[in-house]
Amino acid sequence: MTIKKNKNLNNLTNQQAYILAHRKHHHMITFLRLLILVIFLCIWEYTTRAGYVDIFFFSSPTSIVKYLYQMIIDSSFFKHTGITLIETIVSFLLVSFFSLFIATLLWYRNSLSEILEPYLVVLNSLPKSALAPLLIVWLGTGAKTIIVAGISVAVFGSIISLYTGFCQTDEELLKLILTLGGSRKDALFKVILPSSIPLIISNMKVNIGLCLVGVIIGEFLAARRGLGYLIIYGSQVFQLNMVITSIIILCAIAMGLYKIIQSLEHWYKKMQ
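Residues numbered from 1 in each chain as written. Predicted model: local features only at pLDDT ≥ 70, side-chain atom pairs only at ≥ 80, totals over all residues. Heavy atoms only, no water.

### A look at the overall build of the protein
Logical step 1: Check the secondary structure of the protein and you find 12 helices and 0 strands.
Logical step 2: Along the protein, helices and strands appear, N-terminal first, in the series α-α-α-α-α-α-α-α-α-α-α-α.
Logical step 3: Taking 19 Å as the expected radius of gyration for a compact globule of 272 residues, we find that the protein reaches 25 Å, considerably beyond that expectation.
Logical step 4: Taken along the three principal axes of its C-alpha coordinates, the protein extends 70 × 65 × 30 Å.
Logical step 5: Within the protein, the proportion of its 272 residues that are buried is 34%.
Logical step 6: Accessible surface computed for the protein: about 17,500 Å², of which carbon and sulfur atoms make up 69%.
Logical step 7: Averaging the locations of the 22 positively and 12 negatively charged side chains of the protein gives two centres separated by 11 Å. (Helix = DSSP H or I, 4+ residues; strand = E, 2+ residues; numbered from the N terminus. Rg over C-alpha atoms; globule rule 2.2 N^0.38 Å. Buried < 20%, exposed > 50% of the residue type's maximum accessible area, 1.4 Å probe, protein only. Areas by Shrake-Rupley, 256 points an atom, 1.4 Å probe, with all protein chains shown as cover. Lys, Arg positive; Asp, Glu negative; His and termini not counted. Charge placed at Lys NZ, Arg CZ, Asp CG, Glu CD.)

In structure tokens:
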């Protein structure tokens with residue numbers, strides 16, 4: 001009994017040491033990331049104040065903070081950021097649902113995948129910015145066009161990625177299901193989809209950024225609101241504070257949405 005207790009204590013001690021080391025490493029990585037950002041901002045601010053960099057063309061951290069505060073005061077921050085965020089989330093949800101549905105259908109019907117795969121490859125390779133003028137002609141200007149632009153950037157690559165992942169599922173498990181009298185439908189819901197959840201989440205992490213890119217492309221051409229519109233308008237009237245502040249807000253949105261998907265991934269891993 002004493003030996004068993006000592007082993008258990010050693011295991012707990014080793015586990016606690018591992019957890020402590022992991023947390024320490026995580027905190028160090030976070031600290032170094034913040035340190036790099038702070039150093040960059042300090043150098044940027046110093047070079048603009050010292051006159052080494054023209055503040056008119058490159059702005060400065062303090063100027064950006066002042067402009068961001070002004071946007072919050074006049075509510076333009078919430079107006080433009082909210083529009084871009086809603087359009088991105090809608091595009092992302094539609095891409096996630098549609099790509100999963102089509103990829104599942106392609107796996108379920110091999111003949112359909114053989115017919116459509118070349119078209120998916122071509123559409124995925126097509127520069128999506130080339131489609132934007134056509135979308136404006138077909139759908140007009142507004143949120144509908146922007147959402148479709150966001151979908152077009154991510155959906156074809158997502159379908160190809162998911163379908164390829166489905167086809168790479170362990171064949172032994174599929175054979176086992178079919179040997180035991182299961183149908184292709186049983187293989188889909190009991191093997192393919194459950195084993196592909198990490199792939200689906202990883203695909204979502206990529207899609208959220210691509211949808212944001214597509215939305216901004218749409219706002220460049222077909223919007224009177226949103227961060228993409230502010231970037232274009234600011235560049236036209238040489239308000240670089242507006243442009244750089246909008247870009248920084250976009251970076252914050254991309255990071256926040258990515259962290260949400262990453263949290264979903266961590267939750268799934270803990271449930272395993």
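Alright, that's what it looks like, and here's the rest.
### So, unusual backbone geometry
Logical step 1: In this structure, Ser59 takes a positive phi of about 55 degrees despite not being glycine.
Logical step 2: Accessibility expressed as a relative area gives 0% for Ser59, which makes it buried.
Logical step 3: Even without being a glycine, Ser75 presents a positive backbone phi close to 70 degrees.
Logical step 4: Looking at the element boundaries, Ser75 is found in the loop between helix H3 (61-73) and helix H4 (76-108).

### What about H3?
The α-helix winds at 3.6 residues per turn, so residues separated by three or four positions along the chain end up facing the same way.
Logical step 1: End to end, H3 covers 18 Å across 13 residues, agreeing with the expected 18 Å (1.5 Å per residue, within 8%).
Logical step 2: Phi for Ser75, located one or two positions after H3, is positive at around 70 degrees. (Expected span 1.5 Å × (residues − 1).)

### Comments concerning the environment of Tyr52
Logical step 1: Mapped onto the fold, Tyr52 is located in the loop between helix H1 (2-49) and helix H2 (55-58).
Logical step 2: Tyr52 gets classed as exposed once you look at its relative accessible area, which sits at 64%.
Logical step 3: Sequence-distant contacts of Tyr52, defined by excluding residues within four places in its chain, comprise Tyr46 and Thr47. (Contact = heavy atoms within 4.5 Å.)

### Observations regarding the packing of H4 against helix H5 (residues 110-125)
Logical step 1: As a packed pair, H4 and H5 sit with axes 6 Å apart at the nearest point and diverge in direction by 130 degrees. For the element pair H4 / H5, the angle class is oblique. Side by side, H4 and H5 meet where Leu105, Leu106, Trp107 and Tyr108 of the first sit next to Asn110, Leu112, Ser113, Leu116 and Leu120 of the second.
Logical step 2: For the contact of H4 with H5, a count of residues per class yields 7 nonpolar, 2 polar and no charged. (Axes fitted to C-alpha atoms, helices over the stretch in contact; angles between N-to-C directions. Parallel < 35°, antiparallel > 145°, perpendicular 65-115°, else oblique. Nonpolar A, V, L, I, M, F, W, Y, C, P; charged D, E, K, R; others polar.)

### Examining helix H7 (residues 143-167)
Logical step 1: With 25 residues, H7 extends 36 Å from end C-alpha to end C-alpha; this agrees with the ideal 36 Å at 1.5 Å per step.
Logical step 2: The sharpest bend along H7 comes to roughly 30 degrees, located at Ala154. (Bend = angle between axes of the 7 residues up to and from the residue.)

### Focus: the pattern of salt bridges
Logical step 1: For the structure on display, the rule yields 2 salt bridges.
Logical step 2: Between Arg49 and Glu45 there is a salt bridge, with its nearest N and O atoms 2.6 Å apart. Placement of the pair is Arg49 and Glu45 together in helix H1, with a separation of 4 residues, close to one helical turn.
Logical step 3: Take Arg49: its relative accessible area is 64%, and that puts it in the exposed class.
Logical step 4: Salt-bridge contacts for Glu265 lead to Lys205; the nearest nitrogen and oxygen are separated by 2.9 Å. Of this pair, Glu265 sits in helix H12 (residues 240-271) while Lys205 is found in helix H10 (residues 197-222), placing the two residues 60 residues apart along the sequence. (Salt bridge = Lys/Arg side-chain N within 4 Å of Asp/Glu carboxyl O.)

### With respect to the packing of aromatic side chains
Logical step 1: Tallied over the entire structure, the rule returns 5 aromatic pairs.
Logical step 2: Each ring, one from Phe97 and one from Phe101, has its centre 6.4 Å from the other, and the planes form 10 degrees; the classification is stacked. Residue Phe97 and its partner Phe101 are located together in helix H4, separated by 4 residues, close to a single helical turn.
Logical step 3: Judged by relative accessible area, Phe97 falls into the exposed class, the value being 61%. (Phe/Tyr/Trp six-rings, centres within 6.5 Å; stacked < 30°, edge-to-face > 60°.)

### Some points on the side chain of Ser60
Logical step 1: Within the secondary structure layout, Ser60 lies in the loop between H2 and H3.
Logical step 2: For Ser60, a relative accessible area of 2% corresponds to the buried category.
Logical step 3: Among the polar contacts made by the side chain of Ser60, one reaches the side chain of Ser63 at a distance of 2.9 Å.
Logical step 4: Sequence-distant contacts of Ser60, that is, excluding residues within four places in its chain, are made with Trp44, Glu45, Thr48 and Ile55. (Polar contact = N/O pair within 3.5 Å; in protein donor to acceptor, adjacent residues only side chain to side chain.)

### Topic: the confidence of the model for the protein
Logical step 1: Per-residue confidence for the protein gives a mean pLDDT of 83; residues scoring 70 or more make up 94%.
Logical step 2: Ranking the elements of the protein by mean pLDDT puts helix H8 (residues 171-179) last with 74 and H4 first with 91. (pLDDT = per-residue confidence, 0-100.)

### Looking at the state of the cysteines
Logical step 1: Tallied over the full model, the rule gives 0 disulfides.
Logical step 2: Here Cys42 is not cross-linked by a disulfide; its sulfur's nearest cysteine counterpart is in Cys251, at 19 Å.
Logical step 3: In this structure Cys42 comes out as partly exposed when scored by relative accessible area, which is 48%. (Disulfide = S-S within 2.5 Å.)

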